[in-house]
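Observations on chain architecture
So you can see what is in the structure, the chains are spelled out below.
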Amino acid sequence: MCQNEVNGTRIAGFKNFPSAELLQKPGILKSEEEIRQWFTKNGYNPSLPTVTSCNSGVQAALLAYVMDWALPESRPRLFNGSLKEVELRDPKKISEGPQHLPH
């Protein structure tokens, strides 16, 4: 049991872009164009600041790396501590519950 219980898995205002969807099977990165289309389809707004996060920072690092390659204008920043750090600092911020990408 974690010392700081949270009642959700995301922070208000954040968008969910699962890094696993950047890969083709078996674990090969999709093409630059496919990745650009994926971000557009899922509501990425390049005019807003971009900070990637996940549970502990590993998947967020992959997402930031791929964004920097496929969407260099995005200038992503990585929140290395991600949700684990927010949970320790202010667990009430993690309160929206799961939200998945539309299919």
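Residues numbered from 1 in each chain as written. Predicted model: local features only at pLDDT ≥ 70, side-chain atom pairs only at ≥ 80, totals over all residues. Heavy atoms only, no water.

With that out of the way, let us pick up the pattern of salt bridges. Using the criterion set out here, one finds 2 salt bridges in the structure. Residue E32 is joined to R36 by a salt bridge in which the shortest nitrogen-to-oxygen separation is 2.4 Å. Taken as a pair, E32 and R36 lie in helix α1 (residues 32-41) at a separation of 4 residues, close to a single helical turn. A relative accessible area of 29% places E32 in the partly exposed class. Classification of R36 by relative accessible area gives partly exposed; the value is 30%. With a shortest N-O distance of 3.2 Å, R36 and E33 are connected by a salt bridge. Of this pair, R36 and E33 are both found in helix α1, 3 residues apart, which corresponds to roughly one turn of the helix. (Salt bridge = Lys/Arg side-chain N within 4 Å of Asp/Glu carboxyl O. Helix = DSSP H or I, 4+ residues; strand = E, 2+ residues; numbered from the N terminus. Buried < 20%, exposed > 50% of the residue type's maximum accessible area, 1.4 Å probe, protein only.)

I35, W38 and F39 are the residues of α1 that are buried. Along α1, the residues classed as buried sweep out an arc of 95 degrees about the axis, all on the same side. Pointing more than 90 degrees away from the buried face of α1 are the exposed residues T40 and K41. Packed against the buried residues of α1 are β2 (28-29) and α2 (58-70). (Arc of directions from axis to C-beta. Contact = heavy atoms within 4.5 Å.)

Let us now look at the confidence of the model for the protein. Looking at the protein, pLDDT values average 78 and 74% of them are 70 or higher. For the protein, per-element mean pLDDT is lowest for helix α3 (residues 82-89), which scores 70, and highest for α1, which scores 94. (pLDDT = per-residue confidence, 0-100.)

In this structure, F17, L22, I35, W38, F39, Y44, L63, V66, M67, A70 and L71 together form the largest nonpolar core, which totals 11 residues. Mapped by element, the contributors of at least two residues to this core are α1 and α2. Other than its neighbours up to four places away in sequence, L71 contacts R36, F39, Y44 and V66. (Core = buried A, V, L, I, M, F, W, Y, C linked by side-chain atoms within 4.5 Å.)

What follows is about a nonpolar patch on the surface. Taken together, the side chains of L23, L29 and W69 present a nonpolar region at the surface, about 230 Å² in accessible area. Examined against the element boundaries, L29 turns out to sit in strand β2. With a relative accessible area of 31%, L29 lands in the partly exposed category. (Patch = residues over 30% accessible without salt bridge, like charges linked within 9 Å, V, L, I, M, F, W, Y side chains within 5 Å. Areas by Shrake-Rupley, 256 points an atom, 1.4 Å probe, with all protein chains shown as cover.)

Let's shift gears to the packing of α1 against α2. Between α1 and α2, whose axes approach to 10 Å, the crossing angle comes to 110 degrees. The pairing of α1 with α2 is recorded here as roughly perpendicular in orientation. Here E32, I35, R36, W38 and F39 of α1 come into contact with α2, specifically with L63, V66, M67, W69 and A70. Residues belonging to the contact of α1 with α2 are distributed by class as follows: 8 nonpolar, no polar and 2 charged. (Axes fitted to C-alpha atoms, helices over the stretch in contact; angles between N-to-C directions. Parallel < 35°, antiparallel > 145°, perpendicular 65-115°, else oblique. Nonpolar A, V, L, I, M, F, W, Y, C, P; charged D, E, K, R; others polar.)

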